[in-house]
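Reading the structure
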Amino acid sequence: MREQPTGEAVLLHWYTDLLEDAEFYCGQAREISKERAVPALLKAVAGSRDVRFFVVHILDPDTLRRALIVIALDPMAGDAVGVASMETDIVRWVDDDSLRQAVLRDVWTDPIRFRSAPDFELALGHYLAILQDCGDLRWVHLS
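Residues numbered from 1 in each chain as written. Predicted model: local features only at pLDDT ≥ 70, side-chain atom pairs only at ≥ 80, totals over all residues. Heavy atoms only, no water.

**Brief notes about the overall build of the chain**
Each helix and strand in the chain was counted, giving three helices and seven strands. Going from the N terminus to the C terminus, the chain shows its helices and strands as α-β-β-α-β-β-β-β-β-α. Taken across its 143 residues, the chain has 34% of its residues classed as buried. Restricting the contact set of the chain to residue pairs at least 6 apart, pairs at least 24 apart contribute 51%. Of the accessible surface of the chain, which amounts to about 10,000 Å², a share of 51% is contributed by carbon and sulfur atoms. (Helix = DSSP H or I, 4+ residues; strand = E, 2+ residues; numbered from the N terminus. Buried < 20%, exposed > 50% of the residue type's maximum accessible area, 1.4 Å probe, protein only. Contact = heavy atoms within 4.5 Å. Areas by Shrake-Rupley, 256 points an atom, 1.4 Å probe, with all protein chains shown as cover.)

Structure, rendered in structure tokens:
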């Protein structure tokens, strides 16, 4: 005979082990091709040569809010341009096997140009501080 469960709920906080003592969690940055970059970011760096594009996810461990950040680095000019998406918008609904599902798109901030070293981590730190100063990233607490 199979044992009956005791009825005790086990709370799974998978993120607490990963994010212990972190004010926010920054995923692994990836370099992306120009073709995969956000159109507004491409327009902001038009005419620049040797621009590298990076994407990273950040996550607030307390609220589980997320942001997607794309930064273009121009090492020759010492400039960077960043855009962020902290929310999504429903574009339309589709029916899939009798289930109604939303088709989402990211809602992006306006591009922000700033001086930066050609190192992505430094550029990301500068960009997060700028977003926080603007009030766009109130939920990230930088140390």
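**Digging into the packing of aromatic side chains**
With the rule as written, the count across this model stands at two aromatic pairs. Between the aromatic rings of phenylalanine 114 and tyrosine 127, the centroid separation amounts to 5.8 Å while the plane-to-plane angle is 20°, which identifies the pairing as stacked. Of this pair, phenylalanine 114 sits in strand β7 (residues 112-115) while tyrosine 127 sits in helix α3 (residues 120-134), placing them 13 residues apart in sequence. Since its relative accessible area comes to 0%, tyrosine 127 is described here as buried. (Phe/Tyr/Trp six-rings, centres within 6.5 Å; stacked < 30°, edge-to-face > 60°.)

None of the figures reported here should be taken as evidence of function without further support.
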